[in-house]
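# Notes for the structure review
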Amino acid sequence: MLILGPFTYTFLLWYCKSEWMEVAKEVEMKKRVALCGAVVIVLLLLAGCALFQPVGPPLITVIPTSGAVHTSANVLGSGFGETQGASSVTFHGVQAAVLLWSNTSITVRVPVIATPNGSPTATSVRVIVAGTPFASAQFTVVRGILFETNRDGNSEIYVMNPDGSGQTNLTNNPAWDSFPCWSPDGTEIAFESTRDGNNEIYVMDADGSDQTNLTNHPDGDWFSRAGRPTGQRSPSRLTAMAVCPSSGPSHR
Ligand SMILES: [Ca+2]
Ligand SMILES: [Ca+2]
């Protein structure tokens with residue numbers, strides 16, 4: 001009996017312990033099942049959110065870099081690729097000259113769309129990456145107001161926003177520069193200048209770059225305007241005459 005006592009005690013202890021372990025295992029198993037179920041539910045919810053999340057084009061922002069007119073603009077976003085390659089940017093379907101291309105920023109010269117009466121024109125900007133439409137945004141093309149001023153000590157051609165802000169010297173030349181006028185598509189400006197020693201007709205890009213002497217003649221060359229003489233060369237032969245109306249300003 002003395003022997004059976006410890007044996008019985010050990011047996012009962014083992015039995016109870018086994019029972020307890022079984023119960024503990026069952027509780028642990030239930031916990032794990034509950035945990036797995038919760039994980040599955042969370043995963044399903046996440047998948048559902050991703051599945052039903054609206055898929056749209058990547059967001060891009062178009063901001064002008066010029067204070068005067070929108071002659072250049074930065075297209076900000078991501079995923080453009082590090083190099084331009086076969087990619088491009090269009091404004092209202094017109095391809096813009098790309099000045100700088102990186103994965104997150106594209107600098108373009110805005111191809112000023114025909115802006116009847118110089119009024120602001122809303123246009124759609126599209127980024128095409130490797131030949132495939134990638135993203136789009138809205139942008140308002142503004143044709144600046146051209147004017148002359150002597151504020152820098154000699155006549156210069158300036159451009160400003162329609163509200164008078166962003167006044168920018170486009171010519172920056174010590175000679176006389178005057179009579180600016182937009183080309184019909186707003187991408188170029190024709191003007192007169194004496195920088196080569198006599199009057200010449202020049203053309204420059206809308207941002208003032210690439211100023212080119214069109215006439216390049218030792219005699220005087222002017223636009224034809226009502227009430228003032230024309231140059232000694234026939235103005236009708238000049239490219240600039242195609243963009244400057246003969247009824248243009250006459251103030252000298
Ligand atoms: Ca000047
Ligand atoms: Ca000349």
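My aim in this report is to walk through the structure given alongside it, one point at a time. Given the structure is predicted, the values throughout are model-derived calculations rather than measurements. Each chain carries its own residue numbering, running from 1 in the written order of its sequence. The lettering of chains begins at A and the numbering of ligands begins at 1, in the order of writing. Owing to the predicted nature of the model, reporting of local features is limited to residues with pLDDT of at least 70; listing and counting of side-chain atom pairs is limited to 80 or more, with chain, interface and lining totals taken over all residues.

## Side note on unusual backbone geometry
We count it as follows: The secondary structure listing takes helices from DSSP runs of H or I that are at least 4 residues long and strands from runs of E that are at least 2 residues long, numbered from the N terminus. Any residue with 12 or fewer other C-beta atoms within 10 Å of its own C-beta is exposed, any with 20 or more is buried, and the rest are partly exposed; the C-beta atoms used are placed from the backbone.
Residue Asn-172 is not a glycine yet carries a positive backbone phi of 50°. Within the element layout of this structure, Asn-172 appears in the loop between strand 11 (168-169) and strand 12 (177-182). In this structure Asn-172 comes out as exposed when scored by C-beta crowding, with 12 C-beta atoms within 10 Å. Despite not being glycine, Phe-179 shows a phi value in the positive range, around 50°. Position of Phe-179 among the secondary structure elements: in strand 12. What makes Phe-179 buried here is the crowd of 23 C-beta atoms within 10 Å.

## Some points on the sheet that holds strand 10 (residues 156-160)
By way of backbone hydrogen bonds, the strands of a sheet pair with one another, either parallel or antiparallel. For clarity, the threshold we go by: Whether two strands pair comes down to DSSP finding at least two bridges between them.
A sheet is described by the order of its strands in space; here 3 strands give the open sequence 9-10-11, paired in antiparallel fashion. Strands with a single pairing partner mark the edges of an open sheet, and in this sheet they are strand 9 (145-149) and strand 11. Judged from the 5 bridges that link them, strand 9 and strand 10 form a sheet pairing that is antiparallel. Bridging across to strand 10, Thr-149 finds its partner in Glu-156.

## Concerning the pairing of strand 6 (residues 105-109)
The side chains of a regular strand alternate, first on one face of the sheet and then on the other. Judged from the 5 bridges that link them, strand 2 (residues 72-76) and strand 6 form a sheet pairing that is antiparallel. Note on strand 6: the bridge partner recorded for Ala-73 is Val-108. As judged from the 4 bridges shared by strand 5 (residues 97-101) and strand 6, these two strands associate in the antiparallel manner. By the bridge assignment for strand 6, Ala-97 is matched with Arg-109. Hairpin connection between strand 5 and strand 6: a loop of 3 residues separates the two successive antiparallel strands.

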